[in-house]
Amino acid sequence: MIAMLLAGIQVQVPDYQEIVIERPILSQDYPSHYTHYELNQSLLKMAIKQWPHYNINEKKTLLSEMGKVTQSQELSAALLELFAMEKNQLVKHQILSCLVYMKQSVVNLDRLKNIAKDKEYTLDAFAVLARNLKPNELSDYLSRSEEYLLLACLAKNVSDSKTLMSALGKVQEDYQKLLILRQLARLANDSAYAKCESDYHRSEFIASTTSKSFLVKQARSKKFASQAFVRMKELGWNKSFDDVAKEVLPNASEEVKISATSFLVENKNNMAYLLPKLYTLPETAGVIASGLFNEHPIPADLQKNFCILKNNADAVNMVKLGVMEDQALSYGHQSTIKLINESSNPGIVAAGMRYLGVMKYLVDNQFVSKQLKSRDVINRQGAVFYLAASAKQSGIQKLVKYSQDSDMNIRQALFDGMAHNPKVDFAKLITPGLKNRKDGKKNPQPTSTVRAYMIWAMTKSEHVNNQNLFELKKLITTKLVKVPMSENVFDPAYVRQNAYLCLARWAKAGSSEGQRMFKEVQEFVEWQKEEGLEYSDSFDQVLDMAERILKGQKQSQNYFYTKSLAIRLIDRPIR
């Protein structure tokens, strides 16, 4: 809290950084917004009460913070109350500016109509009204001047084409013409296209239009076909759009082919059409087309042809191998073996080895040994992943050396492969890594990323190990990571969150030790949350996921893999 002296009286000023409550985005928020803001009611009431005592800068800062909240009619009413008591014109203009993107009640709109009668604030008030009234309710304002019309165009809330066409002939500035042209395009007024004075105007008109027939016509033109397909994609799939994309694709320029392909992949029914073209399209378009097969299960009658791989098309092959791995397509054995023997690209060889490992297909021992001896770490990663993913219980001892490799990329590949081989019990290889909290000369402790992969392997496994569950509890509740010349610290949040989800999985599976360990970490996290110690707001996501796991509710099997500040939830390893 900030305090100031006024007339000998100490007046409390709210900490304007806390006037709104902020939390990270949750899955149900996306994609409408990226951060959710709520009002701190007690601070809002204090701000209103003490408003006359604040200086201009404090008022502006408070308004900037409150402007983040867009879904509160209550806040709108409070701001209008502040507007009524405020004397400074600049502050009053800022209050009206804050209201533009806020929800308004009927009472608030009536108050804004009255404010709009004041010449000083009429345009600011109208900017709010333009986003909340129906188009026919704005007609009286639009007849006053072009300024009102332009504000309504910004709000995308003008329905009278005649008024717009009339104004288009009167305005002089380029930005004014552009605002009116965009609104005419939204009204599907195709004839207004002839009024465009430059290619930029034409491009913007196409980017705003809602006319399907107009877009189809433009898609057949050479100059603006790419922009037309981009707009089609924004409007959503339509048969006439789909037909013209297929018509134009064979003979179009590379840019148009990319745009047309980007539209065609919006409909999974285009798989059969795009499959023969994956290697004939420009590389970028081919990758985009391949992405369609990554988003949806491939029908059985297309799987065999999809698994045919051609050399010297690395970008498309990388996508296809990833899809073949994820969907466990069984037709790619021979084609993949042939490709990795012919290819000189380490990424292709590693991706091929991943697929072959997941499918448990046999690879020549000499070829695997060659990759393990390669100087390129990507080749070695692919080979180690293959060995772990295709290992049998009797052969896991051969993998011990890779679990202690000084190159953490090799360890990561090993535990990643284990996660794809859940029937084999790898607990004896995982336990030393979880317990290892001190760097040795020949066996340094795993990095946090490697620990995350260990935990993922435990989560996917069909075998439970009580010692490992205990180590996960220690990882969450105890500062064990040794950092030279500093105090001990917790593992990064994404590792501890992974561990929390793993314990929830085994608690749900009926493991008595898993239930006991999970209860202990649950109590620990709740205590941390109450005390504000070592607690990240992103744990809200984890708590929600764990709760769903315990209740047996259906959810995507998402786990944490990266150290990015904004937690990434992905359902497959990063390749």
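Calculation notes
- Residues numbered from 1 in each chain as written.
- Predicted model: local features only at pLDDT ≥ 70, side-chain atom pairs only at ≥ 80, totals over all residues.
- Heavy atoms only, no water.
- Helix = DSSP H or I, 4+ residues; strand = E, 2+ residues; numbered from the N terminus.
- Buried < 20%, exposed > 50% of the residue type's maximum accessible area, 1.4 Å probe, protein only.
- Contact = heavy atoms within 4.5 Å.
- Areas by Shrake-Rupley, 256 points an atom, 1.4 Å probe, with all protein chains shown as cover.
- Patch = residues over 30% accessible without salt bridge, like charges linked within 9 Å, V, L, I, M, F, W, Y side chains within 5 Å.
- Salt bridge = Lys/Arg side-chain N within 4 Å of Asp/Glu carboxyl O.
- Lys, Arg positive; Asp, Glu negative; His and termini not counted.
- Charge placed at Lys NZ, Arg CZ, Asp CG, Glu CD.
- Phe/Tyr/Trp six-rings, centres within 6.5 Å; stacked < 30°, edge-to-face > 60°.
- Lys NZ or Arg CZ within 6 Å of the ring centre and 35° of its normal.
- Axes fitted to C-alpha atoms, helices over the stretch in contact; angles between N-to-C directions.
- Left-handed = near helix turned anticlockwise from the far one by under 90°.
- Parallel < 35°, antiparallel > 145°, perpendicular 65-115°, else oblique.
- Nonpolar A, V, L, I, M, F, W, Y, C, P; charged D, E, K, R; others polar.
- Expected span 1.5 Å × (residues − 1).
- Core = buried A, V, L, I, M, F, W, Y, C linked by side-chain atoms within 4.5 Å.

## Some words on the overall build of the chain
When you go through the chain residue by residue, the secondary structure sums to 31 helices and 6 strands. Each of the 575 residues in the chain was classed as buried or not, and the buried ones make up 49%. Taking contacts inside the chain between residues at least 6 apart in sequence as the whole, the part at least 24 apart equals 59%. In the form shown here, the chain has an accessible surface area of approximately 29,200 Å², with 50% of it arising from carbon and sulfur atoms.

## Regarding helix 6 (residues 122-129)
Most of helix 6 is tucked away: 6 of the 8 residues are buried. Burial in helix 6 covers these residues: Thr122, Ala125, Phe126, Ala127, Val128 and Leu129. Those residues of helix 6 that are buried are in contact with helix 4 (89-99), helix 5 (106-115), helix 7 (139-142) and helix 8 (146-154).

## As for unusual backbone geometry
With a phi close to 60°, Ala188 is a non-glycine residue in the positive phi region. The residue Ala188 is located in the loop between helix 10 (174-186) and helix 11 (199-208) in this model. For Ala328, which is not glycine, the phi torsion reads 50° and is therefore positive. Examined against the element boundaries, Ala328 turns out to sit in the loop between helix 19 (314-326) and helix 20 (333-342). Since its relative accessible area comes to 41%, Ala328 is described here as partly exposed.

## Structural notes on a negative patch on the surface
Among the surface-exposed residues, Glu523, Glu526, Glu530 and Glu531 lie close enough to one another that they form a single negatively charged patch. Within the fold, Glu526 resides in helix 30 (residues 512-531). Note on Glu526: relative accessible area 44%, which makes it partly exposed.

## Observations regarding the packing of aromatic side chains
Taken as a whole and assessed by the stated rule, the structure comprises 13 aromatic pairs. Residues Phe205 and Phe214 carry aromatic rings whose centres are separated by 5.6 Å and whose planes lie at 70° to one another, so their mutual orientation is edge-to-face. Residue class for Phe205 comes out buried when judged on its relative accessible area of 1%. Taken together, Phe126, Tyr141 and Tyr148 form an aromatic cluster joined through their ring pairs. It is Lys277 that lies over the ring of Tyr273; its NZ or CZ is 4.0 Å from the centre.

## A look at the packing of helix 14 (residues 239-248) against helix 15 (residues 254-264)
At their nearest, the axes of helix 14 and helix 15 sit 10 Å apart, and the two run at 145° to each other. The element helix 14 and its partner helix 15 pack so that their crossing is left-handed. Across from Phe241, Asp242, Ala245, Lys246 and Val248 in helix 14, the residues of helix 15 making contact are Val256, Ala260, Phe263 and Leu264.

## Quick notes on the environment of Leu264
Here Leu264 is to be found in helix 15. You can call Leu264 buried: its relative accessible area is 0%. C-alpha separation for the pair Leu264 and Lys233, spaced 31 residues apart in sequence, amounts to 8.6 Å. With near-sequence residues (within four places) excluded, Leu264 lies in contact with Asp242, Ala245, Lys246, Leu249, Asn270, Tyr273 and Leu274.

## Considerations on the packing of helix 13 (residues 225-235) against helix 14
Running from N to C, helix 13 and helix 14 point in directions that differ by 150°, and their axes come no closer than 11 Å. Here helix 13 is positioned roughly antiparallel relative to helix 14, judged by the angle of their axes. Every pair of crossing elements has a handedness; the one defined by helix 13 and helix 14 is left-handed. Facing Phe229, Met232 and Leu235 of helix 13, the residues of helix 14 in contact are Phe241, Val244, Ala245 and Val248. Here the contact of helix 13 with helix 14 is composed, by residue class, of 7 nonpolar, no polar and no charged.

## Structural notes on helix 27 (residues 448-460)
End to end, helix 27 covers 19 Å across 13 residues, agreeing with the expected 18 Å (1.5 Å per residue, within 8%). Among the 13 residues in helix 27, 12 count as buried, and that is most of the element. All of the buried residues in helix 27 are Ser448, Thr449, Val450, Arg451, Ala452, Tyr453, Met454, Ile455, Trp456, Ala457, Met458 and Thr459.

## With respect to the environment of Gln541
With respect to the helices, strands and loops of the structure, Gln541 is situated in helix 31 (residues 539-551). For Gln541, a relative accessible area of 16% puts it in the buried group. For the pair Gln541 and Gln497, spaced 44 residues apart in sequence, the C-alpha separation works out to 9.4 Å.

## Section: the nonpolar core
Residues Leu79, Leu112, Ile180, Phe229, Phe293, Phe306 and Met353 are the most contacted members of the largest nonpolar core, which totals 114 residues. By size, the runner-up hydrophobic cluster in this structure holds 54 residues, among which are Phe415, Leu429, Cys502 and Val542.

## Thoughts on the pattern of salt bridges
Taken as a whole, this structure holds 20 salt bridges when the rule is applied. A salt bridge links Lys423 to Glu462, with the nearest nitrogen and oxygen atoms 3.5 Å apart. Separated by 39 residues along the polypeptide, Lys423 in the loop between helix 25 (408-419) and helix 26 (427-435) and Glu462 in the loop between helix 27 and helix 28 (466-477) bring together distant segments of the chain. Ionic contacts of the salt-bridge type, sharing partners, join the residues Lys473, Glu513, Arg516 and Glu520 into one network.

## Structural notes on the environment of Leu372
Among the secondary structure elements, Leu372 is positioned in helix 22 (residues 365-372). Judged by its relative accessible area of 23%, Leu372 is partly exposed. Put simply, Leu372 and Gly382 are 10 residues apart on the chain and 8.6 Å apart in space, counted from C-alpha to C-alpha. Apart from the residues within four sequence positions on either side, Leu372 is in contact with Arg380, Ala383, Val384, Leu387 and Tyr402.

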